[in-house]
Amino acid sequence: MPDRSCSKLLRALLPLLAAAGCDGCPSSRPYTPYTLGSAAPSGSPPPLSGVGPGAATAGPEADAGAPDAAAPRFAVVPSVPAPEGGKQWPLEGGPVAAAPTGRTFETGLLLDVDGDGARDLVAWARSPDGLRGELLLAPAARPQALRTLAALPGDLDAQGCTPRVGLSQIGPSALAFDFAPQCGGAHRGAAGTGPTRWIAVIRLPGPAAGAGAPPELALELRLRAPPAEEALSASLEVADRDADGRDDLIVSVGLSGALRPFPAPAGAASEVRAPLVFLDRPAGLSRDAAQPGEALRALAASLLRDARGKSTAPAVAASAQRLRRFHAALCADAESGAGATAGRDAARAGEALVWTGAGPVRCGEPGLAAAIGHAEAVAASTRGAPIAAIAALDRGGAEARTKEDGKLLAKLAPPATAAAVYRTAAAPQPTRTGAFGPLAFEASGALLVRTAQGVVRVDPATSTESATDIPPWPAAVHAGPAELVAVERRCDAPTLLALFRSSPDAVGEMEVPLPLLRGQGPRARPGAAALERCAGTERLPFVPLAASERGFDIALGAALLSIDLRAAAPASSALSFPLTTPAPQGAARSPDGATLAIPAAGGLLVATAGGAARLWTGGDLAQATACAPANGGARVACVAGAAAVIFEAK
């Protein structure tokens, strides 16, 4: 069992994400981490020595209570290049190891592996293109008896890339081999579609194994390439975490950068890290189930602390999105339900970028998404942005909402019961989801209904309906010649995407990444679990709020978003409420633009600038669509069946 005192200290340091979190635990023997970065310059060797990321990110608190912080660390031993030609490698005393047919030695280490007092050779032997090969052991006593310690998996696709390899001794009984394809932009696509980095950890036999015992492959790691805007890294460290006299392995995984269109983080927030811990057992390495869950929970708790402070709350939304993204990159169950595919199929399906030889990493933190959303909602409430707070609470769906979430939601948008006060005889023109609706209030309080025959004015005070000469407003959402077509969730894209045509006669559709991760946003099928496994392409319901030469304003649930088409590369961003753009007819806004009526949080969210938001439910609202509010938000009209219905809240 893991040492509990060590576990407590690790938890105390986790918010700092220091890889050396338990250096002060009894009997621990710290070693310099071996760092594997995913964005090192092409052709350069991996960083093999020096101070690891733990020292760079720990801060002054990392040394508190660590009496052996100055203890000697194991100096990482890097491999050396093979002799010229790479066909033979002379060993001490005269023996020569020959590379297998079709292979050449590239790099290797000389060390006493089998305990016989003579230094053996552990070397990487590669194919001519460098994209295939084996890690070989040539014993000093019998160098011709080559033994394969690890072979590069045949399913690693690195075609068109330049391989970069590294081999190091990272501890008294551990070697690390790193195969890192260095690829150009053409080979870096969406998350997980680029080349895969492969790391093999070799465990050397200890004295108890007896002379002649062979090394063994202890762990395989795969780091799949994230999108080009991000970088995935890992550092390896050996230390006796559970004080049993055996060196365990800690893999600290980090994600830096930011997906488009999220702002790039700076300073201390530039990288998020969490450890995977593998305990050394007689049967092999066994992953400690406590990690990375403890680290992720500590990060979410840190977000909540910041969310309650006036000075720290504004930064929480960006930090929350980075933590969500890191969770999805690290953990295969971040987006997957109980029925998710296991093993390599799950890794290929896009659930995670990190997996071991046993399959993708499953973190077992089903409540983490709700905890992050709660912290983001508290932060938005602290800074006086109730709509943004409701959007954060609604992203996980009602199924994931906690009791604390429910209380906060009721405070931000008190419930109201809607009652129908008028049902029209005029039949609204059918309109697809994501188009401007057939209903619009006038400033006078009268309702305009766009029908197949024209626009009808409804005066609910006198129960009269009359035809008008008002031109029907278009259903299509146009910004100049561009038309907003859809919002999609795809398995091969880490964010939601807005699709638009640049002109009516354009061939194909253009796409703009939205500032919402793939698991966020409303579901196309009502009631679908927010954590179900991604499958295919899903078109999401959205509500248009405005369209102009500048671009589009839309609502995805309670998330308000702007898509700016003016630049050469269209961009998107979050919107603040109230909106400043004019309200077109058919939008889910009042004539003065100050009131919204959007489906969210299981009801109809009606919010007015300068007033309180309320969550309307009841009546026919559950089946209603294309809602539009009157000025002040006292009335809302929606399409229900073949009629338009005017509701009031009680």
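None of these values were measured; they are calculated from a predicted model.

What to know about empty space enclosed by the protein
- Considering all chains together, one arrives at five cavities of 30 Å³ or more under this definition.
- By volume, the second largest cavity amounts to about 150 Å³.
- For the second largest cavity, the lining is made up of 17 residues, of which Gly-257, Ala-258, Gln-321, Arg-322 and Arg-325 are closest to its centre.
- If you list the elements that add at least two residues to the lining of the second largest cavity, you get strand E15 (248-257), strand E16 (271-281) and helix H4 (316-330).
- The biggest single contributor to the lining of the second largest cavity is H4, with four residues.
- In terms of residue class, the lining of the second largest cavity is built from nine nonpolar, four polar and four charged.

Quick word on the packing of H4 against helix H6 (residues 368-382)
- One can describe the packing of H4 onto H6 by two numbers: an axis separation of 9 Å at closest approach and a directional angle of 170°. In terms of orientation, H4 lies roughly antiparallel with respect to H6. Each of Val-316, Ala-317, Ala-320, Leu-323, Arg-324 and His-327 in H4 lies in contact with H6, whose residues at this interface are Leu-368, Ile-372, Gly-373, Ala-375, Glu-376 and Ala-379.
- Looking at side-chain class alone, the contact of H4 with H6 contains eight nonpolar, two polar and two charged residues.

Quick notes on the nonpolar core
- In terms of nonpolar packing, the biggest core is built from 95 residues, with Val-251, Phe-552 and Leu-605 touching the most fellow members.
- Every residue in contact with Val-251, bar those within four places of it in the chain, is listed here: Leu-219, Leu-221, Ala-234, Ser-235, Leu-236, Ala-274, Pro-275, Leu-276 and Phe-278.
- Counting 23 residues, the second-largest nonpolar core is a separate cluster that includes Ala-150, Leu-152, Cys-161 and Val-165.

Examining unusual backbone geometry
- Cis rather than trans, the peptide bond between Arg-260 and Pro-261 has omega equal to 10°.
- With an omega of 5°, the peptide bond running from Phe-577 to Pro-578 counts as cis.
- Note that Pro-578 resides in the loop between strand E33 (571-574) and strand E34 (595-600).
- The phi dihedral of Ser-463 falls on the positive side, at around 55°, and the residue is not glycine.
- Along the chain, Ser-463 falls in the loop between strand E23 (455-459) and strand E24 (464-467).
- Not every positive phi belongs to a glycine, and Ala-626 is a case in point at roughly 50°.
- What makes Ala-626 partly exposed here is its relative accessible area of 34%.

What counts, and where the lines are drawn
- Residues numbered from 1 in each chain as written.
- Predicted model: local features only at pLDDT ≥ 70, side-chain atom pairs only at ≥ 80, totals over all residues.
- Heavy atoms only, no water.
- 1 Å grid on protein atoms, 1.4 Å probe; cavity = no way out; pocket = protein on both sides within 12 Å on 5 of 7 lines; lining within 4 Å.
- Points joined across faces, edges and corners; volume = space filled by probe spheres on them.
- Helix = DSSP H or I, 4+ residues; strand = E, 2+ residues; numbered from the N terminus.
- Nonpolar A, V, L, I, M, F, W, Y, C, P; charged D, E, K, R; others polar.
- Axes fitted to C-alpha atoms, helices over the stretch in contact; angles between N-to-C directions.
- Parallel < 35°, antiparallel > 145°, perpendicular 65-115°, else oblique.
- Contact = heavy atoms within 4.5 Å.
- Core = buried A, V, L, I, M, F, W, Y, C linked by side-chain atoms within 4.5 Å.
- Buried < 20%, exposed > 50% of the residue type's maximum accessible area, 1.4 Å probe, protein only.

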